[in-house]
Amino acid sequence: MTQRHEKTPERLPGERDFRWRGEDVSRIEGLSDGVFALTLTLLLFSQEIPKSTGELATALSGVVPFVATCALLGMIWHGHYLFFRRFGLRDGLSAFLNAVLLLLVLVYAYPLRFLAELLWTSIVEGRHGVEEKGLIDSHGDLLMPLYAAGFAAIHAVFIWLYRHAWRQRERLQLDELERTITRQYLNANLTMTLVGVLALLLALFGQPGLAGFSFFLIGPALGILHWRYGVRRYELRQAVLSNEGRPTDPT
C-alpha cells in the first residue's frame, strides 16, 4: 500500500481523505470564478426591471426557476472547485479543458434556465399557463436535446479532466485513498454522461418525456456507486490506522 501523506489543517482545508495540492487560487480558477459569476449575472438580469406591481409579480414567479438554475450551476462550480483544489494542475491540457468547460457553461445556462421555467410553469399553472406564456412553439423539440447534450458534454469534460489527473498519479504522488477517490469521481461523471447521452438519444427519437424521466436514474446510480466506493474508502482508512498502530520491529 502506498504510504499515506501526513496531513495538516493548512494542507487539508476541506476533505478528510485527500491532500489538496492546489494551495492558492490560480489564474485558471480566478478566470473560471469570474465566468460563473458572469453567467449568473446574465441570467439574473435577462429580464427587464418591473414597471408595475403586475410585472413585479410576474418577475417574482421566476424566482424558483432561477434558484434551481443557480443550484445546478453551483454543483458544476463545486465540481470544478474540488478538481483544481485536489490536483492543482496548471498545465496546457488542464487550461484547455477548463476553457471548454467554461464555454459549455455559458451555452448551457440559457437552456437550463428556460427548462426550469417551463417545468415550474407547468407545475404551477398547468398546460394552460405554458400555452398562455408561449413557452412552447414550433421549435419546442429542440429543448430537451439541447439540455441533454449540454449536460453530457459538461460531465464528459470532467471525465477528461479526471483521466488527465489519473495519468499523472505518480507525479502527483496520489496515495491509495486518493486514487480511489479519483476513480470514484471519474466513474460518477461517466455515469452522468451516459445518462445525458441516453436522454439525448430518446429526445432525438421523439421521446422527450422519457428523456426527461431518464435523469431520475442519476440518483440511484450515484447512490450505489458512492456506497461501493465509500465501503472501499472505509476499508483503506481502517488499514492505514491498523498499520500506524503496529509496534515498531526492534530488529
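Since this is a predicted model, take the numbers as computed values, not measurements.

Some remarks on the overall build of the chain
- Assigned secondary structure in the chain consists of 10 helices and 0 strands.
- When its helices and strands are written in sequence order, the chain yields α-α-α-α-α-α-α-α-α-α.
- Buried residues in the chain amount to 39% of all 251 residues.
- For the chain, contacts bridging at least 24 residues in sequence account for 76% of all contacts bridging at least 6.

What about the layout of surface pockets?
- Each pocket or cavity is described by its volume, and for the second largest pocket that value is around 480 Å³.
- Taken together, 20 residues form the lining of the second largest pocket, with M75, I76, H155, N189 and M192 sitting closest to its centre.
- Of all the secondary-structure elements, those providing two or more residues to the lining of the second largest pocket are α3 (63-87), α6 (143-167), α8 (176-204) and α10 (218-244).
- Grouping the amino acids of the lining of the second largest pocket by side-chain chemistry returns 15 nonpolar, 5 polar and no charged.

Things to note about the packing of α6 against α8
- Where α6 meets α8, the axes come as close as 8 Å, and the angle between the chain directions of the two elements is 155°. As far as their axial angle goes, α8 and α6 are roughly antiparallel. In terms of crossing hand, the pair formed by α6 and α8 is left-handed.
- Split by residue class, the contact of α6 with α8 holds 20 nonpolar, 5 polar and 3 charged.

Here we look at α3
- When the terminal C-alpha atoms of α3 are compared, their 36 Å separation across 25 residues agrees well with the 36 Å that a helix rising 1.5 Å per residue should span.
- Buried within α3 we find P65, F66, T69, L73, I76, H80, L82, F83, F84, R85, R86 and F87.
- Among the residues trailing α3, G88 stands out with phi positive, at a value near 60°.

Concerning unusual backbone geometry
- Here Q173, not a glycine, exhibits a phi torsion of approximately 60°, which is positive.
- For Q173, a relative accessible area of 47% translates into the label partly exposed.

Topic: the confidence of the model for the chain
- In this model, the chain carries a mean pLDDT of 79, and residues with pLDDT of at least 70 account for 73%.
- No element of the chain has a lower mean pLDDT than helix α5 (residues 126-132), at 57, and none a higher one than α8, at 94.
- Taken together, the stretch residues 246-251 has pLDDT below 50 and engages in 0 contacts with residues farther than four places along the chain or on a different chain.

A word on the packing of aromatic side chains
- Scanning the model with the defined rule gives 13 aromatic pairs in all.
- Ring plane angle 75° and centroid distance 5.1 Å describe the contact between F83 and Y162, whose orientation is recorded as edge-to-face. Here F83 is found in helix α3, whereas its partner Y162 is found in helix α6, with 79 residues between them in sequence. For the pair F83 and Y162, one class covers both residues: buried.
- The structure contains a cluster of three or more aromatic residues connected by ring pairs, namely F18, F83, F84, F87, Y162 and Y185.
- A cation over a ring is seen here: R86 above F18, with NZ or CZ 5.5 Å from the ring centre.
- Over the ring of Y185 we find R86; its NZ or CZ atom is 4.0 Å from the centre of that ring.

What about the side chain of Q168?
- With respect to the helices and strands, the residue Q168 is situated in the loop between α6 and α7 (169-172).
- Side chain to side chain, Q168 and H164 meet in a polar contact 2.9 Å long.
- There is a polar contact of 2.5 Å between the side chain of Q168 and the side chain of R171.

Some details on the environment of I181
- Within the secondary structure, I181 is located in helix α8.
- The exposure class assigned to I181 is buried, which follows from its relative accessible area of 1%.
- I181 sits 163 residues away from F18 along the chain, and the two C-alpha atoms are 7.9 Å apart.
- Discounting residues that sit within four places of it in the chain, I181 has contacts with D17, F18, R86 and R233.

What counts and how
- Residues numbered from 1 in each chain as written.
- Predicted model: local features only at pLDDT ≥ 70, side-chain atom pairs only at ≥ 80, totals over all residues.
- Heavy atoms only, no water.
- Helix = DSSP H or I, 4+ residues; strand = E, 2+ residues; numbered from the N terminus.
- Buried < 20%, exposed > 50% of the residue type's maximum accessible area, 1.4 Å probe, protein only.
- Contact = heavy atoms within 4.5 Å.
- 1 Å grid on protein atoms, 1.4 Å probe; cavity = no way out; pocket = protein on both sides within 12 Å on 5 of 7 lines; lining within 4 Å.
- Points joined across faces, edges and corners; volume = space filled by probe spheres on them.
- Nonpolar A, V, L, I, M, F, W, Y, C, P; charged D, E, K, R; others polar.
- Axes fitted to C-alpha atoms, helices over the stretch in contact; angles between N-to-C directions.
- Parallel < 35°, antiparallel > 145°, perpendicular 65-115°, else oblique.
- Left-handed = near helix turned anticlockwise from the far one by under 90°.
- Expected span 1.5 Å × (residues − 1).
- pLDDT = per-residue confidence, 0-100.
- Phe/Tyr/Trp six-rings, centres within 6.5 Å; stacked < 30°, edge-to-face > 60°.
- Lys NZ or Arg CZ within 6 Å of the ring centre and 35° of its normal.
- Polar contact = N/O pair within 3.5 Å; in protein donor to acceptor, adjacent residues only side chain to side chain.

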